[in-house]
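# Fold and geometry: a report
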Amino acid sequence: MLRPTGRVVGIIKRNWRPYCGMLSKSDIKESRRHLFTPADKRIPRIRIETRQASALEGHRIIVAIDGWPRNSRYPNGHFVKNLGEVGDKETETEVLLLEHDVPHQPFSQAVLSFLPKMPWSITEKDMKNREDLRHLCVCSVDPPGCTDIDDALHCRVLENGNLEVGVHIADVSHFIRPGNALDQESARRGTTVYLCEKRIDMVPELLSSNLCSLRCNVDRLAFSCIWEMNHNAEILKTRFTKSAINSKASLTYAEAQMRIDSAAMNDDITISLRGLNKLAKILKKRRIEKGALTLSSPEVRFHMDSETHDPIDLQTKELRETNSMVEEFMLLANISVAKKIHEEFSENALLRKHPAPPPSNYEILVKAAKSKNLEIKTDTAKSLADSLDRADSRTFPYLNTLLRILATRCMMQAVYFCSGMDNDFHHYGLASPIYTHFTSPIRRYADIIVHRLLAVAIGADSTYPELTDKHKLAELCKNLNFRHKMAQYAQRASVAFHTQLFFKSKGIVSEEAYILFVKKNAIVVLIPKYGLEGTVFFEEKDKPKPRLIYDDEIPSLKIEDTVFHIFDKVKVKIMLDSSNLQHQKIRMSLVEPQIPGISVPIDTSNVGINEPEEKKMKLEK
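Residues numbered from 1 in each chain as written. Predicted model: local features only at pLDDT ≥ 70, side-chain atom pairs only at ≥ 80, totals over all residues. Heavy atoms only, no water.

Moving on, we get to the nonpolar core. One recurring pattern in soluble globular proteins: nonpolar side chains tend to sit buried together. If you look at the biggest cluster of nonpolar residues, it comprises 88 residues, and the most contacted ones within it are Phe329 and Leu350. Ignoring anything within four residues of it in the chain, the contact list for Leu350 reads Ile341, Tyr416, Phe417, Thr436, Ala446, Ile449, Val450, Leu453, Leu473, Leu476, Cys477 and Leu480. Core analysis: the second largest hydrophobic core is formed by 29 residues, Ala368, Leu399, Ile405 and Cys410 among them. (Core = buried A, V, L, I, M, F, W, Y, C linked by side-chain atoms within 4.5 Å. Buried < 20%, exposed > 50% of the residue type's maximum accessible area, 1.4 Å probe, protein only. Contact = heavy atoms within 4.5 Å.)

On to the sheet that holds strand E22 (residues 548-551). Pairing is antiparallel across the open sheet formed by 3 strands, whose spatial order is E22-E23-E24. Each edge of the open sheet is held by one strand with a lone partner, namely E22 and strand E24 (562-565). Taking each pair of neighbouring strands and ignoring which way they run, the sheet shows an average axis angle of 15 degrees. Sheet topology note: the E22/strand E23 (residues 556-559) ladder contains 4 bridges and is antiparallel. Across the sheet, residue Ile549 finds its bridge partner in E23, namely Lys558. (Pairing = 2+ DSSP bridges. Helix = DSSP H or I, 4+ residues; strand = E, 2+ residues; numbered from the N terminus. Axes fitted to C-alpha atoms, helices over the stretch in contact; angles between N-to-C directions.)

Helix length check: helix H13 (residues 445-457), at 13 residues, gives a terminal C-alpha distance of 19 Å against a target of 18 Å (1.5 Å per residue), a fit within 8%. With 12 of 13 residues buried, H13 is to be regarded as a mostly interior element. Looking at the residues trailing H13, positive phi occurs at Gly459, about 75 degrees. (Expected span 1.5 Å × (residues − 1).)

As enumerated under the stated definition, the model contains 9 aromatic pairs in all. Taken together, a centroid distance of 5.3 Å and an interplanar angle of 25 degrees make the contact between Phe396 and Tyr514 stacked. A residue pair is termed long-range when its members are at least 10 positions apart, and Phe396 in the loop between helix H11 (381-390) and helix H12 (399-410) and Tyr514 in strand E19 (residues 509-518) qualify at 118 residues. This pair shows no difference in class: Phe396 is buried, exactly as Tyr514 is. An aromatic cluster is built from Phe396, Tyr398 and Tyr514, whose rings are joined through pairwise contacts. (Phe/Tyr/Trp six-rings, centres within 6.5 Å; stacked < 30°, edge-to-face > 60°.)

To continue, consider the pairing of strand E1 (residues 19-24). Extensive coverage of E1 is indicated by the burial of 5 of its 6 residues. Relative to strand E4 (residues 59-67), E1 is paired through 3 bridges, and the arrangement is antiparallel. Directly across from Gly21, in E4, lies its bridge partner Ile61. Relative to strand E2 (residues 33-38), E1 runs antiparallel, the two being bridged by 4 bridges. By the bridge assignment for E2, Met22 is matched with Thr37.

Attention now moves to the pattern of salt bridges. Summed over the entire model, instances satisfying the criterion amount to 40 salt bridges. The salt bridge involving Asp148 is made with Arg199; its shortest N-O contact spans 3.5 Å. With Asp148 in the loop between strand E7 (139-142) and strand E8 (151-157) and Arg199 in strand E11 (residues 198-200), the pair connects residues that are 51 residues apart, well separated along the chain. The class for Arg199 is partly exposed, based on a relative accessible area of 25%. A salt bridge links Arg547 to Asp561; the nearest nitrogen and oxygen atoms lie 3.4 Å apart. Highlighted residues: Arg547 in the loop between strand E21 (532-537) and E22 and Asp561 in the loop between E23 and E24, separated in sequence by 14 residues. For Asp561, a relative accessible area of 65% translates into the label exposed. Residues joined by salt bridges that share partners form a network here, namely Arg17, Asp40, Arg42 and Glu99. (Salt bridge = Lys/Arg side-chain N within 4 Å of Asp/Glu carboxyl O.)

The next point concerns the sheet that holds strand E3 (residues 46-49). Note on sheets: strands pair through backbone hydrogen bonds, and any given pair is parallel or antiparallel. Spatially, the 5 strands close up into a barrel ordered E1-E2-E3-E5-E4, and their pairing is mixed. Direction aside, neighbouring strands of the sheet carry axes that sit 55 degrees apart on average. Summarising the sheet, E3 and strand E5 (residues 76-85) pair through 2 bridges and their orientation is parallel. Among the inter-strand pairings, Ile48 is bridged to a residue of E5, identified as Gly77. Against the sheet, helix H2 (residues 89-99) makes contact with E1, E4 and E5, and its axis sits at roughly 140 degrees relative to E5, the strand it touches most.

So, about the environment of Pro528. Examined against the element boundaries, Pro528 turns out to sit in the loop between strand E20 (522-527) and E21. Take Pro528: its relative accessible area is 23%, and that puts it in the partly exposed class. Separated by 130 residues in sequence, Pro528 and Tyr398 have C-alpha atoms that sit 9.4 Å apart.

So, on to the side chain of Thr439. Locating Thr439 in the fold gives a position in the loop between strand E18 (415-418) and H13. Setting aside its immediate chain neighbours within four residues, Thr439 contacts Asp150, Asp151, Ile169, Met330, Ala333, Asn334, Arg444 and Asp447.

By secondary structure assignment, the location of Asn277 is in helix H8 (residues 268-290). When neighbours within four sequence positions are excluded, Asn277 is seen to be in contact with Ile260, Glu321 and Met325.

In a regular helix each residue adds 1.5 Å, so 24 residues correspond to 34 Å; helix H9 (residues 321-344) covers 35 Å between its end C-alpha atoms and thus fits that length. Within H9, 17 of the 24 residues are buried, which leaves the element mostly enclosed by the surrounding structure.

To continue, consider the packing of helix H7 (residues 253-261) against H8. Two measures define how a pair of helices packs: the angle their axes make with one another and the distance between the axes. The N-to-C vectors of H7 and H8 enclose an angle of 95 degrees; their axes lie 9 Å apart at closest approach. Considering the angle they form, H7 stands roughly perpendicular to H8. Between H7, through Ala256, Arg259 and Ile260, and H8, the contact on the second element is made entirely by Ile269, Thr270, Leu273, Arg274 and Asn277. (Parallel < 35°, antiparallel > 145°, perpendicular 65-115°, else oblique.)

Each neighbour pair has its own omega, and for Ile554 with Pro555 the value is -25 degrees, a cis peptide bond. Note that the residue after Glu592, namely Pro593, is joined by a cis bond; omega there is 0 degrees. In this structure, Pro593 sits in the segment after strand E26 (585-592). The phi dihedral of Ala233 falls on the positive side, at around 60 degrees, and the residue is not glycine. The backbone of Phe567 shows a phi angle near 75 degrees, a positive value even though the residue is not glycine. With respect to the secondary-structure elements, Phe567 resides in the loop between E24 and strand E25 (569-577). For Phe567, a relative accessible area of 2% translates into the label buried.

What follows is the structure, encoded as structure tokens:
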């Protein structure tokens, strides 16, 4: 069969950047020429000259490429910077940020010069085109330790018996004016990046943790979305206004839940929370009836040692009713604002869509369910949501969670877009015909643009040329989508690194796991206790090959006389493989079911997998 082939005849633009990695020191004594191995496995090794090779060994360094002679196997480059010792937390975090192109340098003086002077307070000028809502019983509900509080809520009964519900969002666009250095830097960063024990802010701390954070008992500027609803959560009126608020309480999800559940508490804040919770349940039920998806991904939370800041325990996050309560009103505000800005700016609205996945994406989910005698329908989001709800097993309660985790993997990425450059607005996961981001302007630049559009739509601010240029908005969306994707990858890399630290101190453990995927020579498993995913390979170098039969239809993998299906329960051994310093990884081996020559006994005597004789076991899968 003839294959279409081509030849590179010229390179118009090089996509070179500084690379992080490690030095592979030359064996020749006194040599100044060495090879550098980048952390990104897709990049070839780079030849560099340095006299500091001995000092740089075992360190993470940055190297830049200078050129690639056409007759050379490797490009040439030069040493730029020593980041620090490999495995050190600060060093590895720096590498992770650089490799995912996350802008994380301190804010420049030019950027900081546009911050308001302290002490700051609300002036008469600030109150122009703004409603004073400081009398309302507003409160915020967030995760513990949250300092960038960008949303707060209230609920009260009106004289006519209806309910008034307000979502109040930090008015960040009041402080960040279009086109100045602060605005440009926020647009470049695009999003705040949350790592395991570090936050890379999109806006300087004075705004993110202070002036824009809706902390309790201080006056703050907000952008409010206020609905009049009946007791069945049906919206009768919607209005938007810039406002001044004074939050009466900053609660954690657990504290809010405790108030709602406590028979002894009947103060204004608690009554407001109960009203919100009751409405949220109705809104959620209605949303799910329309076909919105409730998918599951095991989110991990680390418990840190207060002195060393090393992870000492790892558990999956617990979600309460109050998490869902806040989420419902944020979704409702985002949908209401999306409708408003699209009405006003049909060609220039910044919206967010979630495309429906192609049918082929669902194959693995359908097959997995079928292997457990369950049917998953995927023709619409509604039929998928309904069949996931029905897919229950009395004997296997965790099955439904596994199916939802698998369904998440079938999804497309949600993206920002400009309404004038696209005609498909639908948000598949939320089953909403239109959607945007309005509720997190401290940590997402998209929301700042949406605030500006909404402010113009209600006559609270003036417009500017870039705001109504759809090509500029499309360019902006491209950067925002890139930054959001990179932030997600950096977050995952941070969790992976902290998981490695955790298992480094814990040694070898064996845990129960469920099979998520079967491959030709391996199984991919999920360990619910740690929310950890890993691959168990059945073919290793220098070991006799087992008899493997892979069936793509069922899907199943037969090893010797044992057959593995998706969602089967197994027991695995987890250990940290440090044989390759640059790419340390969690390795998993099968403990149960026992297959002679394949399964390993749980033996903790060989914790030091990075000993020299163990280096031969290096698994470059």
